[in-house]
Amino acid sequence: CGFYKLFWLFFLGSFLGDITETIFCWWKMGTITSRSSVVYGPFSLVWGIGCFFLTYMLYQYRDRSDSFIFIFGTVLGGAYEYICSVVLELVFGTVFWDYSKIPFNLGGRINLLYCFFWGFAAVAWFKIFYPVISGWIEKLPICAGRILTWVIVVFMCCNMAVSTMALIRSNERSKGIPATQSWQQTMDERFPDERMEKIYPNAIKVE
């Protein structure tokens, strides 16, 4: 469970998590909306990073009982989601999800039901999905696999960098800060408010 495998778990977790959440929201609300964390492609970094750390921290316990993994996953998942919510709000001045209308929530950042979802996801991951996906990753040719991995690493790093700048500039526009630098002007041209609202439909600016 080294770097290459963990990165692929992050990448696949980001993609599959985005697709899963999109389908869930469509089933729940009847509309398809973007659940992506980045401006290019259907990738939810919360799911990807969660998959990365969940595997890294629980890998040594993967053969333990389902109840053990469920409890561990529930606690870790809840703590992780809470930290993500706080960090994103502090960095971007934006709330990306709000559970204040769901019972047993903590500051609208997490709620008990979704914490249980993390627990069930942990059990399903280690007992069902991880062995299969791990086998697929290990079948990649070593040389070609490493080249492909680094190509995707560069793509995701650039994707996250551009997304960060677009979000920072979006927050600046909401505060009436003019575009005086070239990167600000580029963000205004390529990622105006209309486009950002489509990518992040649930984002709420914090005054």
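Treat the numbers as computed from the prediction; the structure is a model and nothing was measured.

K.L.:
Before we move on, can you summarise the overall build of the chain with the specific residues and values?
P.N.:
Each helix and strand counted, the chain has seven helices and four strands in total. Each helix and strand of the chain, ordered N terminal to C terminal, gives the series α-α-α-β-β-β-α-α-α-α-β. Dimensions of the chain, computed from C-alpha atoms along their principal axes, come out at roughly 55 × 50 × 30 Å. Residue burial in the chain is summarised as follows: out of 207 residues, 38% are buried. Summarising the internal contacts of the chain: among those between residues at least 6 apart in sequence, 68% fall at separations of at least 24. For the chain, the accessible surface area stands at approximately 12,100 Å², while carbon and sulfur atoms represent 69% of it.

K.L.:
Please set out the environment of Ile49 residue by residue, giving values where relevant.
P.N.:
Note that Ile49 resides in helix H2 (residues 45–58). Here Ile49 falls in the partly exposed class, since its relative accessible area comes to 31%. Linking Ile49 and Phe7, residues 42 residues apart in sequence, is a C-alpha distance of 9.4 Å.

K.L.:
Account for the pattern of salt bridges, naming residues and giving values.
P.N.:
Applying the stated rule across the entire model yields eight salt bridges. One salt bridge connects Asp188 with Arg169, and the closest N-O pair in it is separated by 2.9 Å. Taken together, the positions of Asp188 in helix H6 (residues 182–190) and Arg169 in helix H5 (residues 142–174) put the pair 19 residues apart, joining distant regions of the chain. Here Arg169 falls in the buried class, since its relative accessible area comes to 2%. Each of Arg169, Glu172, Arg173, Asp188 and Asp193 takes part in salt bridges that share partners, so that together they form one network.

K.L.:
I'd like a rundown of the packing of aromatic side chains, residues and numbers included.
P.N.:
Counted by the stated rule, this structure contains 24 aromatic pairs. Aromatic pair Phe24 and Trp27: ring centres 5.9 Å apart, planes at 40°, arrangement tilted. You can see Phe24 and its partner Trp27 sitting in helix H1 (residues 3–29), three residues apart, about one turn around the helix. Counting every residue linked through ring pairs, the aromatic cluster contains Phe3, Tyr4, Phe7, Trp8, Phe10, Phe11, Phe15, Phe43, Trp150 and Phe155. The ring of Phe68 carries Arg64 above its face, with NZ or CZ at 4.1 Å from the centroid.

The rules behind these values
- Residues numbered from 1 in each chain as written.
- Predicted model: local features only at pLDDT ≥ 70, side-chain atom pairs only at ≥ 80, totals over all residues.
- Heavy atoms only, no water.
- Helix = DSSP H or I, 4+ residues; strand = E, 2+ residues; numbered from the N terminus.
- Buried < 20%, exposed > 50% of the residue type's maximum accessible area, 1.4 Å probe, protein only.
- Contact = heavy atoms within 4.5 Å.
- Areas by Shrake-Rupley, 256 points an atom, 1.4 Å probe, with all protein chains shown as cover.
- Salt bridge = Lys/Arg side-chain N within 4 Å of Asp/Glu carboxyl O.
- Phe/Tyr/Trp six-rings, centres within 6.5 Å; stacked < 30°, edge-to-face > 60°.
- Lys NZ or Arg CZ within 6 Å of the ring centre and 35° of its normal.

Distances and angles like these do not, on their own, reveal function.
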